[in-house]
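Residue strings, one per chain:
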Amino acid sequence: MDKGIENLISARNSLKASAEKSKALAFSLEKTGPKLDNINRRLQSLEVAIRPIQAPKDSLSAVGGHINRAVVPAAAVLKVFDAIHGLEKSLFDPQSDLRGYLGVLKQLGEALRFLEENCGMAIQWLADIVEHLEDHKVADERFILGLKKALKCLQELEAGEEKGHLDGGLLEVALDRLENEFRRLLMESSVPLPMSLPALPGQQACIAPSPLPVIVIKKLQAILGRLIVSNRLDKCISIYVEVRSSNVRDSLQALNLDYLEISDSEFNDVANIEVYISQWGKHLEFTVKHLLEAEYKICNDVFERIGMDVWKDCFAKIASQAGILEFLQFGKTVAESKKDPIKLLKLLDIFASLNKLRLDFNRLFGGAACAKIQSQTRDLIKRVIEGACEIFWELSVQVELQRHAPPPPDGSIPRVVTFITDYCNKLLGDDYKPILTQVLVIERSWKHEKFQERILIDELLNLVKTIGMNLETWSKAYEDTVLPYFFLMNNHWHLYKHLKGTKLGIILGDSWSRDHEQRTEYYSTLYLRESWGKLPVLLSREGLILFSGGRATARDLVKKRLKSFNAAFDDMYRQQSNWLILDKDLREKTRLVIIQTIVPVYRSYMQNYGPLVEQDASAGKYAKYTAQSLETMLDSLFSPKPVRHGSFKVRQSTGKLNDGISDQYQTSPAVK
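Residues numbered from 1 in each chain as written. Predicted model: local features only at pLDDT ≥ 70, side-chain atom pairs only at ≥ 80, totals over all residues. Heavy atoms only, no water.

A. Representation of unusual backbone geometry. Of note in this structure, N256 is not a glycine but carries a positive phi near 55 degrees. Position of N256 among the secondary structure elements: in the loop between helix 7 (233-253) and helix 8 (270-303). Not every positive phi belongs to a glycine, and H448 is a case in point at roughly 60 degrees. By relative accessible area, which is 75% here, H448 ends up exposed. (Helix = DSSP H or I, 4+ residues; strand = E, 2+ residues; numbered from the N terminus. Buried < 20%, exposed > 50% of the residue type's maximum accessible area, 1.4 Å probe, protein only.)

Shown next as structure tokens:
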């Protein structure tokens, strides 16, 4: 019985364990159900996916090798694409870390080169797979058609313009930012250069150092090196020329160069061009020796690694855009304007300025890139030399032509006389003689003729000789018999005083100087004798001694003689009050001689015989003047009055004289 119970207990435990296992199994089955459902669904999807490539096992095994060979390079290409996009955030601002920016840009370039070299290969391998799948019918036609369509898009992208944008345009944007940094560095380091004070005699003008710091130049060179690789050199040069030429123009703006744009007609006013040409020479020297000299050096510093042709072409563009051609055009306009004789000095000033800068011009503008500047410079020099020589060689002819014009009505010195004497001394002076000689030497060399200095001296002496002949001719043109003596006295004194001791006077010699001094005395004597010297005899004492004819008769004689004297004095004073002596010494000397001739005689006469008429009711008609009033009137004679000044013009190539020739006989400014 005990054994039976044990068996029952054992059976109960076994059943209980089986029930628990069943329960656990049921629980597991309950949990596995959803998983099986999921697997079932995935199997269904997988069946749909692999249905296009259902094929025999052998065919699928052969395709596997082809797929692996294509997928590996394609995966490498995709990996590089990912790397490129990873570089984008490092290519935002080159200013903060230019070296790092250039390094990342280099990596980007290398990555793009890899893509350019491998994209085509990967696409070709993919094409081979598609072709293999199609040939072996591993997949259905719809699947193959989809692959072909995708492959065609890839091939078109690789073969078209988009090939250069495999990075999505990242490289172009990065290069644009690098160009902007190139511009920023230039603009922040480009400061207008002020015009410096002129150098002391014997010193050379200080050449301005490069206004770009070395560190900036190195950065510009680094940027250039990278942009050149991307074929952006022309854009860099354009930016550089724009910024630097603008900086030069800003430097020149403070100089007020509006005169460079003056019209041709305004250049016919000699007074205007004298000021302009003086400014022009100084401004041109500053522009060449300082501004363009600095630009020449900077161009060399920045572009030296690229080649001489590049930086010289860059400099030529800066020089042209900065305004050097406008300076040359100004000189050409002066050379082409009317050939006024005084313009010879201005043309010589232009030549001197250009000659002073000759070595600088040859060095700065000597290359082929500056051909236009060279051409315009040569043309300007040619026009200046030809214009100066034309004026110089025709001057004596033009002076001779003035001989047939009427002399100045006031008996003063014709403008042409003062002009020629001053003109000759200036041409013989240290400032102009070397320049004129050089100009004449060049002009003769063009004609294959030899120049001798005596030719210059003889031409100037001929001018003085022509002036002397003109004076004689003009003196004979007066209708008044006294005015010729006054005129010749005036002009011979001018020649004597204003040429004695001068360059021209030394060449003419002491005998020439003494001759004109003697002629002055001679014509002064004739003038006095034929004019004021005739008045004292009108105050004759004949018949008045001891009142031999009676007091009434003496009174009548005194009245008559005073009346004649007054009439002659008034007429002569009225006539000569419009005559002029410009030289102060000659004017005072002439007045003194006239006063000494008239006043003492008149004073003595009035002291002796004045009482005879002073008691008369009509005394005012005869005792019209006192000795003091006469002296005051005579001491006011011959003073210069304000006049407009002119100059005479030389003949144009047509053989006609310029307008305005009548001005040469205006009285010259007073000589103190």
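B. How the structure looks around the packing of helix 20 (residues 551-576) against helix 21 (residues 584-614). Two numbers describe how helix 20 lies on helix 21: the axes approach to 10 Å, and their chain directions differ by 145 degrees. Between helix 20 and helix 21 lies a crossing whose hand is left-handed. Residues R551, A554, R555, V558, K559, R561, L562 and F565 of helix 20 pack against I598, Y602, Y605, M606, Y609, L612 and V613 of helix 21. Taken together, the residues of the contact of helix 20 with helix 21 sort by class into eleven nonpolar, no polar and four charged. (Axes fitted to C-alpha atoms, helices over the stretch in contact; angles between N-to-C directions. Left-handed = near helix turned anticlockwise from the far one by under 90°. Contact = heavy atoms within 4.5 Å. Nonpolar A, V, L, I, M, F, W, Y, C, P; charged D, E, K, R; others polar.)

C. The pattern of salt bridges, seen in detail. Under the definition given, this model contains 30 salt bridges. Notably, a salt bridge pairs E285 with K356, separated by 3.2 Å at the nearest N-O pair. Taken together, the positions of E285 in helix 8 and K356 in helix 11 (residues 343-356) put the pair 71 residues apart, joining distant regions of the chain. K356 sits in the exposed class, given a relative accessible area of 53%. With its nearest N and O atoms 4.0 Å apart, the salt bridge here joins E472 to R519. (Salt bridge = Lys/Arg side-chain N within 4 Å of Asp/Glu carboxyl O.)

D. Layout of the packing of helix 17 (residues 483-499) against helix 19 (residues 510-530). With their axes 8 Å apart at the nearest point, helix 17 and helix 19 run at an angle of 155 degrees to one another. The angle between helix 17 and helix 19 falls in the class roughly antiparallel. For the element pair helix 17 and helix 19, the recorded crossing hand is left-handed. On the side of helix 17, the interface is formed by Y485, F486, L488, M489, H492, W493, L495, Y496 and L499, while helix 19 contributes W512, S513, H516, E517, R519, T520, Y523, S524, L526, Y527 and E530. Of the residues belonging to the contact of helix 17 with helix 19, the class tally is twelve nonpolar, five polar and three charged. (Parallel < 35°, antiparallel > 145°, perpendicular 65-115°, else oblique.)

E. Molecular detail of the confidence of the model for the chain. Looking at the chain, the pLDDT average stands at 78 and 66% of residues meet or exceed 70. For the stretch residues 80-87, pLDDT sits under 50, and the model shows 15 contacts to residues farther than four places along the chain or on other chains. Within the model, pLDDT remains below 50 along residues 644-672, and this stretch shows 87 contacts once partners closer than five positions in the same chain are excluded. (pLDDT = per-residue confidence, 0-100.)

F. Highlighting the nonpolar core. Core analysis: the biggest nonpolar cluster contains 154 residues, and Y240, I324, F365 and W532 have the highest contact counts within it. Top element by residues in this core is helix 8. It accounts for 13 residues. For Y240, the residues in contact, after removing those within four places along its chain, are F182, L186, E295, I298, C299, V302, F303, C314 and I318. (Core = buried A, V, L, I, M, F, W, Y, C linked by side-chain atoms within 4.5 Å.)

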